[in-house]
Amino acid sequence: MNHEEVGADVVVGEDGLARPTWAANDELMQQYYDTEWGMPVRDERGVFERLSLEAFQSGLSWATILRKRENFRRAFANFEADAVAAFDERDVERLMADVGIVRNLRKVEATIANARATVALREDGGLGTFVWSFQPEHTPRPTSYAEVPSQSPESVALSRALKKRGFRHVGPTTMFALMEAIGIVDTHLLGSHRRGSSGIWH
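Thoughts on helix α6 (residues 89-96)
Note that an α-helix has 3.6 residues per turn; residues three or four places apart therefore point the same way. Of all the positions in α6, only D91, V92 and L95 are classed as buried. Viewed end-on, α6 has its buried residues packed into an arc of 105 degrees, placing them on one side of the element. For α6, exposure combined with an orientation more than 90 degrees from the buried face picks out E89, R90 and E93. Close packing links the buried residues of α6 with α4 (69-75) and α7 (105-121).

Okay, structure coming up:
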């Protein structure tokens with residue numbers, strides 16, 4: 001891929017579109033950036049999947065998780081909360097033997113616990129409504145990576161609230177990444193062709 005730099009962290013690809021460097025050098029990452037990242041996700045399955053994947057990503061690159069995404073979906077019953085909530089010790093053993101996913105016992109067990117917490121949360125409107133209730137009044141307007149925060153007062157509050165509901169591996173930084181991924185905040189760089197694409201922020 002040939003690129004023309006238009007800023008420290010934004011490049012213009014052969015298609016004439018400006019993207020951040022992290023989304024410009026890998027086709028899978030570019031597709032994810034162009035079609036999915038930052039677009040509104042509100043349904044339970046969609047939010048639970050992304051919450052789970054963000055937790056697994058902690059300490060790893062997002063590209064690693066994205067390449068394993070279909071394996072994760074197969075391993076975790078397409079992230080249907082009811083199915084994952086019913087997982088038992090045999091499922092944990094199966095998951096820990098699955099080379100197609102990230103085999104981390106704490107994260108595997110957290111995902112099962114989070115599925116159960118997701119099911120319980122339906123009594124209060126469901127996971128999507130709960131997470132989106134932490135949408136801030138304003139979103140960042142970064143021109144460079146240095147201006148993109150790693151957490152926010154809202155992600156700290158969301159983390160605390162989810163932990164009270166029995167969720168695990170939902171720290172403030174992971175929750176901010178979730179908020180970015182599902183459109184609750186828009187941290188697309190101002191020079192990117194995707195800025196404002198969610199229809200929520202401009």
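Don't stop here, the text continues.
Some words on the packing of α6 against α7
Here α6 crosses α7 at 135 degrees, and the two axes come no closer than 10 Å. The pairing of α6 with α7 is recorded here as oblique in orientation. Our pair here, α6 against α7, has a crossing hand that is right-handed. Two secondary-structure elements touch here, α6 through V92, L95 and M96 and α7 through L105, V108 and I112. Looking at the contact of α6 with α7, its residues break down into 6 nonpolar, no polar and no charged.

What about the layout of surface pockets?
The method is simple in principle: a probe with the dimensions of a water molecule rolls over the atoms, and the space it marks as empty is what remains. When its volume is computed, the largest pocket comes out at roughly 580 Å³. For the largest pocket, the lining is made up of 23 residues, of which W22, W37, W62, A177 and E180 are closest to its centre. Elements with a minimum of two residues in the lining of the largest pocket: α1 (27-35), α2 (44-57), α3 (62-67) and α10 (172-181). If you tally residues by element for the lining of the largest pocket, the top one is α10, at 5 residues. Of the residues that constitute the lining of the largest pocket, the class distribution is 14 nonpolar, 7 polar and 2 charged.

Quick word on the environment of R50
In this fold, R50 is placed in helix α2. Along the primary structure R50 and I182 are separated by 132 residues, whereas in three dimensions their C-alpha atoms are 7.9 Å apart.

So, how was this worked out
- Residues numbered from 1 in each chain as written.
- Predicted model: local features only at pLDDT ≥ 70, side-chain atom pairs only at ≥ 80, totals over all residues.
- Heavy atoms only, no water.
- Buried < 20%, exposed > 50% of the residue type's maximum accessible area, 1.4 Å probe, protein only.
- Helix = DSSP H or I, 4+ residues; strand = E, 2+ residues; numbered from the N terminus.
- Arc of directions from axis to C-beta.
- Contact = heavy atoms within 4.5 Å.
- Axes fitted to C-alpha atoms, helices over the stretch in contact; angles between N-to-C directions.
- Parallel < 35°, antiparallel > 145°, perpendicular 65-115°, else oblique.
- Left-handed = near helix turned anticlockwise from the far one by under 90°.
- Nonpolar A, V, L, I, M, F, W, Y, C, P; charged D, E, K, R; others polar.
- 1 Å grid on protein atoms, 1.4 Å probe; cavity = no way out; pocket = protein on both sides within 12 Å on 5 of 7 lines; lining within 4 Å.
- Points joined across faces, edges and corners; volume = space filled by probe spheres on them.

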